[in-house]
Amino acid sequence: MARAIGNRDEETLGLVMEKYAHLLWPIAAAVLKNVGSDQDVEECVADAFIYLWEHPGNFDPTRGKLKTLLCVLTRSRAIDRYRELSRRNTIPLEEALCGGGLCAQEALAEEEIRSELRQLLQTLGELNREILVRRYYYDQKPREIALATGLTVTQVNNSLYRSKRQLRQGLTEKGVGV
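Computed from a prediction, not measured in an experiment: that's the story for all the values here. (Residues numbered from 1 in each chain as written. Predicted model: local features only at pLDDT ≥ 70, side-chain atom pairs only at ≥ 80, totals over all residues. Heavy atoms only, no water.)

What follows concerns the confidence of the model for the protein. Looking at the protein as a whole, the pLDDT averages 84, with 88% of positions reaching at least 70. Within the protein, the element-level pLDDT minimum falls on helix α5 (residues 93–98), averaging 53, and the maximum on helix α8 (residues 142–149), averaging 91. (pLDDT = per-residue confidence, 0-100. Helix = DSSP H or I, 4+ residues; strand = E, 2+ residues; numbered from the N terminus.)

Notably, N34 is not glycine yet its phi reads approximately 70°, a positive angle. With respect to the element layout, N34 can be found in the loop between α2 (10–31) and α3 (38–54). By relative accessible area, N34 is classed as exposed at 75%. Despite not being glycine, D139 has its phi angle at roughly 60°, a positive value. You can see D139 is positioned in the loop between α7 (126–136) and α8. (Buried < 20%, exposed > 50% of the residue type's maximum accessible area, 1.4 Å probe, protein only.)

Below, the discussion takes up α7. Buried within α7 we find I131, L132 and R135. Across the axial projection of α7, the buried residues extend over an arc of 95°, all falling on one side. (Arc of directions from axis to C-beta.)

Scanning the entire structure with this criterion turns up zero aromatic pairs. Cation over ring: R135 sits above Y136, and NZ or CZ is 5.7 Å from the ring centre. (Phe/Tyr/Trp six-rings, centres within 6.5 Å; stacked < 30°, edge-to-face > 60°. Lys NZ or Arg CZ within 6 Å of the ring centre and 35° of its normal.)

Inspection of the entire model under this criterion finds seven salt bridges. R81 serves as the salt-bridge partner of D40, at 2.9 Å between the closest nitrogen and oxygen. Note that D40 is positioned in helix α3 and R81 in helix α4 (residues 66–89), a separation of 41 residues in sequence. The burial state of D40 is the same as that of R81; both residues are buried. A salt bridge links E130 to R134, with the shortest nitrogen-to-oxygen separation between them at 2.9 Å. Of this pair, E130 and R134 both sit in helix α7, four residues apart, which is roughly one turn of that helix. We classify R134 as partly exposed; its relative accessible area is 21%. Salt bridges here are not isolated pairs; linked through shared partners, they connect D40, E43, R81 and E84. (Salt bridge = Lys/Arg side-chain N within 4 Å of Asp/Glu carboxyl O.)

The following block contains the structure:
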């Protein structure tokens, strides 16, 4: 068999693949557990056979069994793949600390603005508050709001403009940046 592998006999390599694939699959799967997919496992096993095909001289039956060589090759490929996948899935420390792009300071500032906005919304008239909620919470278009409230589209747009200006001014007076 060593001579056939050394001569790159396709039939022999096919037999080797048939004989050892079932043994190599669990080796790669164990290394890639919770990180890699079935496709990653399959590629590691295939890479071991490709290596054997491309470097037949590295198989020396006096140094060890073919089975051992294939197991070592598969495990090495799986470890390399594991490292590659782990690097891809690693997020920078700054991003991890800032969680979703907002650092602790920014998150506090955002919460402060929200809190002030809730208080300022209560200072608006009921109709103006309803129009703002319909527009920015329920994402309704001015035409839909006009139909629901019995106002014209122009009146809805004017209400939105005045209410936003009033909220912005209130935030500015309280020293909260928008």
